[in-house]
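Structural description and commentary
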Amino acid sequence: MNERQVELEILRYDPETDQQPSFQIYLVPCQEDWVVLDAINYVKDNLDRTLSYRWSCHMAVCGSCGMMINGEPALSCKTFLRDLPETIRIEPLANFPIERDLVVVMDDFMNKLGKVKPYLLPREKKAVENGSYLQSPAQLKKFRQYTLCINCTLCYAACPQYAHNEGFVGPAALALAHRYNLDSRDVGRRARQDVVASNEGIWECSFVGACSDVCPEHVDPAGAIQQTKIASTIDYFKDLILPRRD
Amino acid sequence: MSRKPYVRTTSTSSWWLAQPRYIRYMAREVSCILIGAYSAVVVIGLLRLSEGAAAWISFLESLQSPVSIVFHLLALAFALYHTTTWFNVTPKAMPLQFGQTQLPGGVIIGAHYAGWVLVSALILYLVGI
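Note that the structure is predicted; figures quoted are calculated from it, not measured. (Residues numbered from 1 in each chain as written. Chains lettered and ligands numbered in written order. Predicted model: local features only at pLDDT ≥ 70, side-chain atom pairs only at ≥ 80, totals over all residues.)

**With respect to the overall build of chain A**
Basically, it comes down to this: A helix here means a DSSP run of H or I that spans at least four residues, while a strand means a run of E at least two residues long, and both kinds are numbered starting from the N terminus. Exposed residues have 12 or fewer other C-beta atoms within 10 Å of their own C-beta, buried residues have 20 or more, and residues in between are partly exposed; the C-beta atoms are placed from the backbone. C-beta atoms are first placed from the backbone for all residues, and any pair lying within 7 Å is then listed as a contact.
Helices and strands together make up the secondary structure of chain A, namely nine helices and seven strands. With the principal axes as the frame, chain A shows a C-alpha extent of 65 × 40 × 30 Å. Every one of the 246 residues in chain A was classed for burial, and the buried ones make up 39%. A separation of at least 24 residues holds for 65% of the contacts in chain A among residues at least 6 apart in sequence.

Structure (structure tokens):
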């Protein structure tokens, strides 16, 4: 296999010694079938053991290795070096505080995710011995796409609304709320509306669409948010006409 | 070991220049200014029409100035951009599923274009062209 050398410009930040992050350059000999994560692992194993970053599965399932690659949020395990120029700039995911090197603080996302109640809220809780909740393939198809989210937060790094409005619930959390709202076994829509349909929920989104562009699992959070806007608007008018419904 | 997360700042005025997709988004948003201005021109035209034939003719003459023609061409270009970009994302906002089959996005987009053509044809018919 042909060997090629790439120049990685990696943003480094040590909270114990640095006032601000700065770039460090590493020259990495790489194979044609390498992804960016392979090159970073090469740096860690052979050039600089102090480099910190998150990764786990190396197959676009765990959602840990998201980073800015030449300014674009991407999973480093899914981005091939052969598709990139000789010089590759690698930074921690945008719009999140930097914990250390390429590791970001995800607390804000985790808090917001919890607030939309991203779990099944059934009408009646069933004991395990009473069997499973039944669902037809057509009912599953309505929301299956939104179950594919791996919480990689690339969508938050791409979203200019999240960049400028800290309170924005954000794409992945709103897409997951939509996923449960569409689930035929779930009755939790009203319980989620306080957060989802608030000014800092769906109405903060102006449909830039960058979240869907960068989503590695093609979840299409932007589509989910627009669908929730339509459903919430219909709700609003229904409540006006029939204030005491349900 | 103490934690000291570093918070990066984002420019509030030039962020949209960072990526082509942000520029396309801003172009779509800016289109509302030109469409709003065009609506104002139409309202002014109606007011002039209500003032009589002379006022109406002078309004029509003012539309033929180079500035007016450039403005109308720009407004038309942005209105077309606004319309087509919104039509193209309608399958995302309004997906239609029948049983286990999802209606292809192209059909939803196509229906919007067909509606556009029909409404335009109806308006042209009503104004006698």
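**Here's the deal with the overall build of chain B**
Formally: Only C-alpha atoms enter the radius of gyration, while the globule expectation follows 2.2 Å times N to the 0.38, with N the number of residues.
Each helix and strand in chain B was counted, giving four helices and two strands. If you list the helices and strands of chain B from N to C, you get α-α-α-β-β-α. Computed over the C-alpha atoms, the radius of gyration of chain B is 22 Å, more than 25% above the 14 Å expected from 2.2 N^0.38 for a compact globule of 129 residues. Across its three principal directions, the C-alpha atoms of chain B cover 80 × 45 × 20 Å.

**Regarding the interface of chain A and chain B**
The condition that has to hold: All residues other than Ala, Val, Leu, Ile, Met, Phe, Trp, Tyr, Cys, Pro, Asp, Glu, Lys and Arg, Gly among them, are scored as polar; the first ten of these are nonpolar and the last four charged.
Counting residues at the interface gives 26 residues for chain A and 18 residues for chain B. For the side of chain A that touches chain B, the elements supplying multiple residues, two or more each, are strand S6 (98-100), helix H3 (137-143), helix H5 (160-164), helix H8 (210-214) and helix H9 (221-241) of chain A. Considering each element in turn, the side of chain A that touches chain B owes the most residues, five residues, to H9 of chain A. Across the side of chain A that touches chain B, the residue classes tally to 14 nonpolar, six polar and six charged.

**Structural notes on the domain arrangement of chain A**
All names here are of chain A. We apply this condition: Segmentation of the chain into domains, including their bounds, is taken from an automatic or database domain assignment.
Taken domain by domain, chain A comprises domain 1 (3-104) and domain 2 (107-123 + 131-241). With 14 residues of domain 1 at the interface, the matching set in domain 2 holds twelve residues. Mapped by element, the contributors of at least two residues to the side of domain 1 that touches domain 2 are strand S3 (66-69) and strand S4 (72-75). Broken down by element, the residue count for the side of domain 1 that touches domain 2 peaks at four residues, all from S4. Counted by class, the side of domain 1 that touches domain 2 contains nine nonpolar, three polar and two charged residues.

**Points about the nonpolar core**
All names here are of chain A. Formally: Note on terminology: a nonpolar core is any set of buried Ala, Val, Leu, Ile, Met, Phe, Trp, Tyr and Cys residues joined through C-beta atoms within 7 Å.
With 62 residues, the main nonpolar core has Cys 155, Cys 159, Leu 174 and Leu 176 as its most contacted residues. The element best represented in this core is helix H6 (residues 171-181), accounting for seven residues. Mapped onto the domain boundaries, this core takes at least three residues apiece from domain 1 (3-104) and domain 2 (107-123 + 131-241). Discounting chain neighbours no more than four positions away, the residues touching Leu 174 are Val 116, Val 169, Val 196, Gly 201, Ile 202, Pro 221, Ala 224, Ile 225 and Thr 228.

**So, the domain arrangement of chain B**
Residues and elements named next belong to chain B. Domain annotation for chain B reports domain 1 (15-91) and domain 2 (94-129). Put simply, the middle of domain 1 and the middle of domain 2, counted by C-alpha atoms, are 23 Å apart. In this complex, domain 1 contributes four residues to the contact, which on the side of domain 2 involves seven residues. For the side of domain 1 that touches domain 2, the residue count by class is two nonpolar, two polar and no charged.

**Digging into the sheet that holds S3 of chain A**
Residues and elements named next belong to chain A. Rules: For two strands to be treated as a pair, DSSP must find at least two bridges joining them. As a rule, the C-alpha atoms of each element are fitted with a line to give its axis, helices using only the stretch in contact, and angles between N-to-C directions run from 0 to 180 degrees.
Reading across from one edge, S2-S1-S5-S3-S4 is the order of the five strands in this open sheet, with mixed pairing throughout. The open sheet has two free edges, formed respectively by strand S2 (22-31) and S4, since each of these has just one partner strand. Across the sheet, the axes of successive neighbouring strands diverge by a mean angle of 35 degrees, strand direction being ignored. Across four bridges, the pairing between strand S1 (residues 3-12) and strand S5 (residues 87-91) is parallel. The residue of S5 that forms the bridge with Leu 8 is Ile 88.

**A few points about the packing of H6 of chain A against H9 of chain A**
Residue and element names in this part refer to chain A. Condition: Angle categories: roughly parallel below 35 degrees, roughly antiparallel above 145, roughly perpendicular from 65 to 115, and oblique for all the rest. The sense of a crossing depends on the near helix, which, turned anticlockwise from the far helix by less than a right angle, makes the crossing left-handed and, turned clockwise, makes it right-handed.
Where H6 meets H9, the closest approach of the two axes is 8 Å, and the angle between their N-to-C directions is 60 degrees. The angle between H6 and H9 falls in the class oblique. Along this stretch, H6 crosses H9, giving a crossing that reads as left-handed. Here Pro 171, Ala 172, Leu 174, Ala 175 and His 178 of H6 lie close against H9, whose contacting residues are Pro 221, Ala 222, Ala 224, Ile 225, Gln 227 and Thr 228. Of the residues that constitute the contact of H6 with H9, the class distribution is eight nonpolar, three polar and no charged.

**Thoughts on the pairing of S4 of chain A**
All names here are of chain A. Both S3 and S4 contribute to a ladder of four bridges, which runs antiparallel. Across the sheet, Met 67 pairs through a bridge with Ala 74, a residue of S4. The turn joining S3 and S4, which pair antiparallel and follow one another in sequence, is formed by two residues; a positive phi near 50 degrees is taken by Asn 70.

**A short note on the confidence of the model for chain B**
Stated formally: pLDDT gives the predictor's per-residue confidence on a scale running from 0 to 100.
Averaged over every residue, the pLDDT of chain B is 94; residues scoring 70 or more account for 99%. Scoring of the predicted complex yields 0.92 for pTM and 0.88 for ipTM.

**A look at H6 of chain A**
All names here are of chain A. With eleven of its eleven residues buried, H6 lies for the most part within the structure. If you check which residues of H6 are buried, you get Pro 171, Ala 172, Ala 173, Leu 174, Ala 175, Leu 176, Ala 177, His 178, Arg 179, Tyr 180 and Asn 181. Of the surrounding secondary structure, the elements contacted by the buried residues of H6 are helix H2 (107-115), H3, helix H4 (154-158), helix H7 (189-196), H8 and H9.

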